Amino acid sequence: DQKKKFLLALAYMQEARATGEHSHYYPLASDLLDDVIESEPADKNLLFETIVAKATVQLSLHQFEEALRTAHRAEKIDTTTASWYGVFCDAYVELGEYSKAIAAAVRMTSISPDIRSYSRISYLREIHGDMPGAIEAMNEAVASGVPGLEQTAWARITLGGLYEANGNLNEAEIQYRLALAERPHYAFAIGALGRIEVKRKNYDKSIELLKEALEIMPEFSFQHEMARVYKITNENGRAQSIAQDLLESLEKDQDAGHVVDLEIANIHLDISEDIDEAYRYAIKEYE
């Protein structure tokens, strides 16, 4: 049943987001989606949605050029669906083709003004330095989402991040706590509160929150932040131990098809202070 394969793949994709187990769930989803595409189902809508889902997996794995190629395969079937333009927007953003990304986001929003399109508008505004506009669009994204869903919680965390980047820690904390109220035990909200405590120099509280987030989800950014805190507090042995674990984990992600050269470069730069290795990985990402 090709439709059930497609739906199972979507469930795996959502589990990857919710659990952080990318190296497990994305390959499972990708294999199912390939099965459906290769079967060439008579239901053209199913084929279209499967191709878009495949491109979305490739985006999640930072395979941006591959995602563009995959999305173009759907072009002959339908060019009026918002999700299709979302793939192009994300891929063009990551490849630095900002004018094309803007055009795709505008078209996406005109078709479906919702959490997916508003969040992309926000990101494009942020890239271009329009922080008030980015905050406005992300507020629209949150308002258009269903409270309690992971996607809405993610949008609220991103909104908090915009306030945090502007130095408004109190408003950022409000957004993170609202996300937790709507979705209890949401790891990204707990991790974000840990990051706030770092900026307030409450290092013990920060470590406590980051450990709590890590118990829920093995997210590399929580570990990276924890290593930074240990480095700030001169606990260099702990910082280096976490950095080593992180590098080993990210190398496994690389083997599973997840392109994480930039993340590896940042660990070598921030924690290990291995400038040569940081440069080597940064050049790979740049190329």
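Being a predicted model, the structure only gives us computed values, none of them experimental. (Residues numbered from 1 in each chain as written. Predicted model: local features only at pLDDT ≥ 70, side-chain atom pairs only at ≥ 80, totals over all residues. Heavy atoms only, no water.)

1. Some words on helix α5 (residues 82-94)
Here comes step 1: For α5, spanning 13 residues, the distance from its first C-alpha to its last is 19 Å, which sits close to the expected 18 Å at 1.5 Å a residue.
Here comes step 2: Burial of α5 is extensive: eleven of the 13 residues sit out of reach of the surface.
Here comes step 3: Buried-residue contacts for α5 involve α3 (44-60), α4 (64-73), α6 (98-111) and α7 (115-127).
Here comes step 4: Gly96 sits one or two residues past α5 and shows a positive phi near 80°. (Helix = DSSP H or I, 4+ residues; strand = E, 2+ residues; numbered from the N terminus. Expected span 1.5 Å × (residues − 1). Buried < 20%, exposed > 50% of the residue type's maximum accessible area, 1.4 Å probe, protein only. Contact = heavy atoms within 4.5 Å.)

2. Concerning the environment of Tyr163
Here comes step 1: Tracing the backbone through its elements, the reader meets Tyr163 in helix α9 (residues 150-165).
Here comes step 2: Assessed through its relative accessible area of 15%, Tyr163 is described here as buried.
Here comes step 3: Spatially, the C-alpha atoms of Tyr163 and Leu68 are 32 Å apart, while their sequence positions differ by 95 residues.
Here comes step 4: Once residues within four sequence positions are removed from consideration, Tyr163 is found in contact with Ile135, Asn139, Asn168, Glu171, Ala172 and Gln175.

3. Quick look at the packing of aromatic side chains
Here comes step 1: Within this structure, the stated rule accounts for six aromatic pairs.
Here comes step 2: Judged by centre distance (5.9 Å) and plane angle (35°), the rings of Tyr12 and Tyr25 are tilted. One end of the pair, Tyr12, is in helix α1 (residues 2-19); the other, Tyr25, is in helix α2 (residues 22-39), and 13 residues separate them in sequence.
Here comes step 3: With relative accessibility at 18%, the residue Tyr25 sits in the buried group.
Here comes step 4: By way of ring pairs, the aromatic residues Trp84, Tyr85, Phe88 and Tyr92 are connected into one cluster. (Phe/Tyr/Trp six-rings, centres within 6.5 Å; stacked < 30°, edge-to-face > 60°.)

4. Observations concerning the pattern of salt bridges
Here comes step 1: This structure, assessed with the given rule, holds 18 salt bridges.
Here comes step 2: For Asp114, the salt bridge identified is with Arg116, shortest N-O distance 3.1 Å.
Here comes step 3: The class of Asp114 is buried, set by a relative accessible area of 17%.
Here comes step 4: A salt bridge links Glu208 to Lys205, with the shortest nitrogen-to-oxygen separation between them at 3.6 Å. With Glu208 and Lys205 both in helix α12 (residues 203-216) and three residues apart, the pair spans about one turn of that helix.
Here comes step 5: Judged by relative accessible area, Glu208 falls into the partly exposed class, the value being 46%. (Salt bridge = Lys/Arg side-chain N within 4 Å of Asp/Glu carboxyl O.)

5. A few points about the packing of α5 against α7
Here comes step 1: Contact pair α5 / α7: the axes reach a minimum separation of 11 Å and the direction vectors enclose 20°. Taken together, α5 and α7 sit at an angle that is classed as roughly parallel. In this structure, the crossing between α5 and α7 has a hand that is left-handed. Only Arg116, Arg120, Tyr123, Leu124 and Ile127 of α7 make contact with α5, whose side of the interface consists of Ala82, Ser83, Gly86, Cys89, Asp90, Val93 and Glu94.
Here comes step 2: Looking at side-chain class alone, the contact of α5 with α7 contains six nonpolar, two polar and four charged residues. (Axes fitted to C-alpha atoms, helices over the stretch in contact; angles between N-to-C directions. Parallel < 35°, antiparallel > 145°, perpendicular 65-115°, else oblique. Left-handed = near helix turned anticlockwise from the far one by under 90°. Nonpolar A, V, L, I, M, F, W, Y, C, P; charged D, E, K, R; others polar.)

6. Observations regarding the side chain of Asp114
Here comes step 1: On the secondary structure map, Asp114 appears in the loop between α6 and α7.
Here comes step 2: Among the polar contacts listed, one links the side chain of Asp114 to the side chain of Ser112, at a separation of 2.7 Å. (Polar contact = N/O pair within 3.5 Å; in protein donor to acceptor, adjacent residues only side chain to side chain.)

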